[in-house]
Amino acid sequence: VLLKGRSVRTRGFLSSLQENYNSKPGQLKVPSAQLPPIESITSNRSNAHNHVVYTADVHVFSALLRSMQSLSLHLAAPELYVLHLIVPQADLQQASELVNCFKRKLQQGGHPLLPLVQIHGIRPMSFTPNYRNRHDLQGHADVTFARCFIPEYLQNVSRAVYLDTDTLFMGDIAPLFEMQLQTPLAAVPEQTSFKQLYGKWLSNLAEDVPPTDQSIFNDGVMVLDLDKWRADNITSDLQDLAQSEEPVDEQLLLNLEFQVRKTFDPLPAEWNIFRVRSVGWPDLGWSDDLPPDSEILQARILHWTGAKPWNMNHKQQWIEQYQHLWEAPGADSGATCEATKTLS
């Protein structure tokens with residue numbers, strides 16, 4: 001049962017959270033794109049499909065499966081969605097097994113209407129990113145940068161929502177497909193500045209990014225106008241930026257393109273609530289930086305941007321707290337999926 005885009009069981013969970021989260025001062029305030037409420041979305045999309053994109057390799061298939069299940073459980077009309085999984089060629093078979101597991105789990109929970117899932121093998125990239133200072137990303141460049149080529153994988157699609165695999169859902173994402181975009185990309189700004197995140201690696205940052213204290217946007221949740229992207233030749237721009245001698249990652253490329261060369265549409269914060277934030281990475285590790293109660297209560301998407309609690313000693317505690325967001329009532333929560341047995 002959905003109540004204004006948020007499930008009843010999720011609404012009850014939110015009530016129990018109020019005493020567990022402490023407010024943090026200095027939250028970022030930015031003008032945000034205006035999205036229509038769930039109630040205003042009409043039936044004129046009944047013959048259309050909403051396209052959602054994940055990029056992943058087998059190492060994060062467990063997280064991917066959780067996110068796909070969570071997303072589907074919170075959709076009012078899951079049959080109108082296509083989930084696109086962009087995976088390495090070597091992982092295609094396991095991706096197919098994951099899709100079967102996804103369907104089985106939701107159908108066991110009494111959900112006969114499911115999104116269509118399409119699997120795409122990752123294509124060779126035309127450039128090699130410089131990751132000499134990012135040991136965490138080495139070996140995953142093709143998966144990480146695949147989001148920069150989404151228009152090439154979805155050639156006949158006009159709009160798509162990109163999601164990281166470390167996301168869970170507390171509401172329907174349908175408004176993201178109805179919002180008016182002025183630019184090819186919409187995303188949530190975060191409190192981390194260019195200087196804080198990239199200053200130690202980029203010797204010429206001040207020349208490339210004026211001012212360096214400007215906030216970056218997080219690329220873990222993005223709404224993409226693929227027609228505008230193609231018209232503006234964004235992929236070619238990103239390829240040029242990636243040839244830099246400086247170490248870059250895909251989030252820096254996107255921020256350079258859409259904050260220095262162009263602009264982007266800010267999304268309201270509830271579409272990407274950061275559950276774990278970096279503090280002095282990589283020297284000081286990670287620590288919790290929880291948003292205030294008001295933001296948690298309005299959250300549509302939760303995003304674990306730092307260390308993954310499902311890979312840590314308190315994994316079981318995390319599962320018990322959030323499992324209701326991805327397990328359909330009636331499904332066998334103890335059932336395993338062979339495609340997800342690799343650490344993720």
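You'll find the structure just up there.
Predicted, not measured: the structure shown is a model, and the values here were computed from it.

J.: Sorry, what's going on with the packing of aromatic side chains here?
T.: Within a pair of aromatic rings, the relevant descriptors are the distance that separates the centres and the angle that separates the planes. In this structure the tally under the stated criterion is nine aromatic pairs. Geometrically, the ring pair formed by F217 and F264 is tilted, given 4.7 Å between the ring centres and 45 degrees between the ring planes. In this pair, F217 is assigned in strand β9 (residues 215-225) and F264 in the loop between α10 (250-261) and β10 (265-266), connecting sequence segments 47 residues apart. As far as the burial class goes, F217 and F264 line up, both buried. Each ring, one from W304 and one from W318, has its centre 5.4 Å from the other, and the planes form 85 degrees; the classification is edge-to-face. Of this pair, W304 sits in strand β13 (residues 301-304) while W318 sits in helix α12 (residues 315-322), and the two are 14 residues apart along the sequence. Here W304 matches W318 in class, with each residue buried. Of the aromatic side chains, those joined through ring pairs into one cluster are W304, W310, W318, Y322 and W326. Taking NZ or CZ as reference, R66 lies 4.9 Å from the ring centre of W310, over its face. Stacked on the ring of Y153, the Lys or Arg R123 has its end atom at 4.7 Å from the ring centre.

J.: Got a minute to help me understand the pairing of strand β4 (residues 81-87) in this structure?
T.: Two faces belong to every sheet, and in a regular strand the side chains alternate between them. A large share of β4 lies buried, amounting to seven of its seven residues. Of the two faces of β4, the one carrying Y81, L83, L85 and V87 and the one carrying V82, H84 and I86 are both buried. You can see the chain leave strand β3 (residues 50-55), run along helix α2 (residues 61-73) and come back into β4, and the turn it takes is right-handed. Taken together, the six bridges between β4 and strand β5 (residues 116-121) define a ladder with parallel strand orientation. In the strand pairing of β5, L85 is matched with I119. Since β4 and β5 lie parallel, the crossover through helix α3 (residues 92-108) that links them has a hand, and here it is right-handed.

J.: Help me out: how do you make sense of unusual backbone geometry in this one?
T.: Most peptide bonds take the trans form, and the phi angle of most residues other than glycine is negative. Although it is not a glycine, N233 adopts a positive phi angle of roughly 55 degrees. Relative accessible area serves as the criterion here: at 45%, N233 is assigned to the partly exposed category.

Definitions and limits used
- Residues numbered from 1 in each chain as written.
- Predicted model: local features only at pLDDT ≥ 70, side-chain atom pairs only at ≥ 80, totals over all residues.
- Heavy atoms only, no water.
- Phe/Tyr/Trp six-rings, centres within 6.5 Å; stacked < 30°, edge-to-face > 60°.
- Helix = DSSP H or I, 4+ residues; strand = E, 2+ residues; numbered from the N terminus.
- Buried < 20%, exposed > 50% of the residue type's maximum accessible area, 1.4 Å probe, protein only.
- Lys NZ or Arg CZ within 6 Å of the ring centre and 35° of its normal.
- Right-handed = clockwise from strand over helix to strand, strands pointing away.
- Pairing = 2+ DSSP bridges.

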